[in-house]
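# Examining the three-dimensional arrangement
So the chains spell out like this:
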Amino acid sequence: MDKFYQKFLRLGVSLAPLGIETREDNTSYFCTPKGASIIGWAGVDGIHYCRVHGFGNMIFAVSPMNSAPNYVHPIAENFEALLRLLLVCGNAAALEQAWQWKENQLRAFLTEHTPTDEVKTLISEIRRKLNLSPIENPWQYLHSLQESFDYSKIKYTEDISDPDMNANAKFVAPDQ
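Residues numbered from 1 in each chain as written. Predicted model: local features only at pLDDT ≥ 70, side-chain atom pairs only at ≥ 80, totals over all residues. Heavy atoms only, no water.

### So, the overall build of the protein
Definition in use: Runs of E in the DSSP output that reach at least two residues are strands. Runs of H or I that reach at least four are helices, and both are numbered from the N terminus. Residue burial is assigned from relative accessible area. The probe radius is 1.4 Å, only protein chains are included, and a residue is buried under 20% of its type maximum, exposed over 50%, and partly exposed in between.
Counting its secondary structure elements, the protein contains six helices and four strands. Beginning at the N terminus, the succession of helices and strands in the protein can be written as α-β-β-β-β-α-α-α-α-α. Counting all 176 residues of the protein, 43% fall into the buried class.

### Digging into helix H6 (residues 138-147)
The condition that has to hold: Whether two residues are in contact is decided by their heavy atoms, any of which lying within 4.5 Å being enough.
Three or more residues of H6 are buried, namely Pro 138, Tyr 141, Leu 142, His 143, Leu 145 and Gln 146. Tucked into the core, H6 has its buried residues touching strand S4 (72-76), helix H2 (79-89), helix H3 (92-97) and helix H4 (103-112).

### Observations regarding the pairing of strand S3 (residues 59-62)
Quick note on the threshold: Strand pairing is assigned whenever DSSP detects at least two bridges linking the two strands.
The two faces of S3 match: Ile 59 and Ala 61 on one face and Phe 60 and Val 62 on the other face are all buried. As judged from the three bridges shared by strand S2 (residues 48-52) and S3, these two strands associate in the antiparallel manner. Residue His 48 lies in a different strand from S3, and its bridge partner there is Val 62. Hairpin connection from S2 to S3: six residues lie between these consecutive antiparallel strands, with Gly 54 at a positive phi of about 100 degrees. Judged from the four bridges that link them, S3 and S4 form a sheet pairing that is antiparallel. When the bridges of S4 are listed, Ala 61 appears paired with His 73.

### Some points on H4
Side chains that are three or four residues apart share a direction in an α-helix, a result of its 3.6 residues per turn. Just so we agree on the cut-off: The arc in question is the one traced by the directions running from the helix axis out to the C-beta atoms.
Burial in H4 covers these residues: Leu 106, Phe 109 and Leu 110. Down the axis of H4, the buried set is contained in an arc of 95 degrees. They therefore lie on one face. Among the exposed residues of H4, those pointing more than 90 degrees away from its buried face are Thr 111 and Glu 112. Structurally, H4 contributes buried residues whose contacts are with H2, H3 and H6.

### Focus on the pattern of salt bridges
What counts, and what does not: The salt bridge definition used is simple: a Lys or Arg side-chain nitrogen within 4 Å of an Asp or Glu carboxyl oxygen.
This structure, assessed with the given rule, holds two salt bridges. Note that Lys 129 and Glu 125 form a salt bridge whose closest N and O atoms lie 2.8 Å from each other. In this pair, Lys 129 and Glu 125 are both assigned in helix H5 (residues 117-130), four residues apart and thus about one turn of the helix distant.

### Focus: the packing of aromatic side chains
Definition in use: Ring geometry is summarised as follows: Phe, Tyr and Trp rings, the Trp one being its six-membered ring, pair when their centres sit within 6.5 Å, and such pairs are stacked at plane angles under 30 degrees, edge-to-face over 60 and tilted between the two.
On inspection of all chains with the given rule, the structure shows nine aromatic pairs. Taking 5.5 Å as the distance between ring centres and 45 degrees as the angle between the ring planes, the aromatic pair formed by Phe 55 and Phe 149 counts as tilted. With a gap of 94 residues between them, Phe 55 in the loop between S2 and S3 and Phe 149 in the segment after H6 connect regions that are remote in the sequence. Pair check on accessibility: Phe 55 and Phe 149 agree, each one buried. For the pair Phe 149 and Tyr 151, a centre-to-centre distance of 5.1 Å together with 85 degrees between the ring planes defines the contact as edge-to-face.

### A few points about the environment of Gly 46
Along the chain, Gly 46 falls in the loop between strand S1 (36-41) and S2. Put simply, Gly 46 and Tyr 29 are 17 residues apart on the chain and 7.7 Å apart in space, counted from C-alpha to C-alpha. Excluding anything up to four places from it in sequence, Gly 46 contacts Tyr 29, Trp 41, Val 62 and Pro 64.

### Regarding unusual backbone geometry
In this model, Ala 68 is joined to Pro 69 through a cis peptide bond whose omega is 0 degrees. Structurally, the position occupied by Pro 69 is in the loop between S3 and S4. Residue Asp 45 is not a glycine yet carries a positive backbone phi of 55 degrees. Within the secondary structure, Asp 45 sits in the loop between S1 and S2. For Asn 131, which is not glycine, the phi torsion reads 50 degrees and is therefore positive. Structurally, Asn 131 is set in the loop between H5 and H6.

Nothing here speaks to function; it is geometry throughout.
This is how it looks when you write it as structure tokens:
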């Protein structure tokens, strides 16, 4: 386990106000990568965040409601980078959705979804306790990470093309 992540856990700080809730039940979805270790949940649409065995400390967003093949995207090289992104974005929803946006769309989202006082306090606490600074250009960071990632290396817990496991999968009629 990432030493920085362990240090963060010892602080006892909850990321729930930033859109990453912890749960006792970490049941995976059809599109959860094999070898995933779930670190938190968005609390909506089955969206969850994880590390995946074989990809080091990289953090991924898993979005079961997306259409294939856009279920999984890397969002941070490690937990420290995830926190640095959250410091500037204020919510993991921006990180989970940024794969499909242009830079101006991310800026608009951040302008429209300004942090509450509770979130601002939490961001300040994380910055101070872990001596972190925000990533300067979150869109560039995310898109560089995602453009350089080989998505073909992701293996899923279920067959994502099976309509019985994935309601969004195309149905292919059997040969008559």
